[in-house]
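Summary of the model geometry
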Amino acid sequence: MKTRLLLALVGLAISFALPTFAQQTNTPDPRIAQQRDLVGDVKALDEFGVLATKQSEAFTNNDAAAVAALFTEDAVLVAPDGIFSGRQAIQKRYEDTFQRWPFTLFNDPRECHLKAIDNAVWSFGEWGGTLQSQTGPVFVKGYCSAIYVREGDAWKIRMLTLTERPRLAPPAETK
Amino acid sequence: MKIPLLSTLAGLAIGFALPTIAQEQKAVDPEVRQQIEAVAMKFVEAYNKRDAAALAAGYTADAVEVRSWATSWNGGTHSGQQAIEKMFETDFKLNPGKMVNKLVQLYPIANEVCAIANRSVGTWKGYTVTIYVRALDPDTWRVHMTYVNELPP
């Protein structure tokens, strides 16, 4: 019994050691990254469907904390108004956005392409939504792209870049 | 005797596991950073020489470039090396400006690298997010996806 346990631990040590050593060397990895299109991968599409629903709800509810919770702690948001690094900065950015331009509806990204790269996924597509402005509802749309990584049982956004048309100018200052 | 050995092996297993997990969050290896910087510099040189074929050769066959602006200004989605080469040829007709690229952030995504940069072409300014993958033949990094955010005025 003890011999089996020993062997199992040796195996465990080696299996952890090999990838560690591979990452420490500077020699080029002879393996090209495994890439695949996720179209047809029902499980992956289901998981990203859940994420898309959470995202739509968070935006439609103008809930900056819920939006930020979709990101990893070290995530990056690349938006027309700048680069926002870290979950806190992203939450603050959305608090400001929702205050100035509250969403009344956020549509799930359409024409969204998902590609797996090893244990991460990247996507690109188009998004749309309706915002409330001082002169009434405004329909906005744009392109977006994201990189997702696994955190526990969930996919989180490591990087999001998006734009909107028309560009949302800050409201005129009132004196 | 066997118990200390067991503990050592268990410690060894955990000791190897922790840095493996930690490395996933780490910055890009300095050597890889240099390689990406060299590839990005070559890209800018090729752009400023108006060499669309050389630019397209820096992308994977199934690469995608997504541009945030209207298709009438050569924006939208361009998929595949051929379409990307054509896209650059159109760029050269639309904008005679020189490209300047400044790397802002670089981080690993599994075996790939994500690069965020400030880019300007003449008066057009914006950000780019690029995913580079390592190619074997020749051994270099190629662009798998680029998102260009807000370049034209």
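For the structure, check the block above.
Before going into details, it helps to say that this report is about the structure given with it.

Here is what the cut-offs are and how they apply
Numbering of residues begins from 1 in every chain and follows the order in which that chain's sequence is written. Here every chain gets a letter starting at A, and every ligand a number starting at 1, in the order they are written. Where local features are concerned, this predicted model is filtered to residues with pLDDT of at least 70; where side-chain atom pairs are given and counted, the filter is 80 or more; whole-chain, interface and lining totals use all residues. Numbering of helices and strands runs from the N terminus, with a helix taken as a DSSP run of H or I at least four residues long and a strand as a DSSP run of E at least two residues long. By definition, residue pairs are in contact when their C-beta atoms, positioned from the backbone, come within 7 Å. Note on pairing: two strands pair once DSSP finds at least 2 bridges between them. Fitting a line to C-alpha atoms yields each axis, with helices limited to the stretch in contact; the angle taken between N-to-C directions then spans 0 to 180 degrees.

**Details of the environment of Asn101 of chain B**
All names here are of chain B. For Asn101, the position within the fold is in strand β3 (residues 99-109). Here the alpha-carbon distance between Asn101 and Tyr127, two residues 26 residues apart in the chain, equals 9.3 Å. Other than its neighbours up to four places away in sequence, Asn101 contacts Ala40, Val44, Ala117 and Arg119.

**Overview of the environment of Pro30 of chain B**
Here Pro30 of chain B shows up in helix α2 (residues 30-48). Spatially, the C-alpha atom of Pro30 of chain B lies 40 Å from that of Ser72 of chain B, the residues being 42 residues apart in sequence.

**Considering the sheet that holds strand β1 (residues 59-67) of chain B**
Sheet strands associate in pairs through backbone hydrogen bonding, adopting either a parallel or an antiparallel arrangement. Residues and elements named next belong to chain B. Here we have 6 strands laid out as an open sheet, ordered β2-β1-β6-β5-β4-β3, and mixed in their pairing. Each edge of the open sheet carries a strand with a single partner, namely β2 (76-79) and β3. Neighbouring strand axes in the sheet, compared pairwise and without regard to direction, differ in orientation by 20° on average. Relative to the sheet, α2 contacts β3, β4 (112-121), β5 (124-135) and β6 (140-149), its axis offset from that of β3 by approximately 150°. Where helix α4 (residues 81-94) meets the sheet, its contacts fall on β1 and β2, and the angle it forms with β1 comes to roughly 50°.

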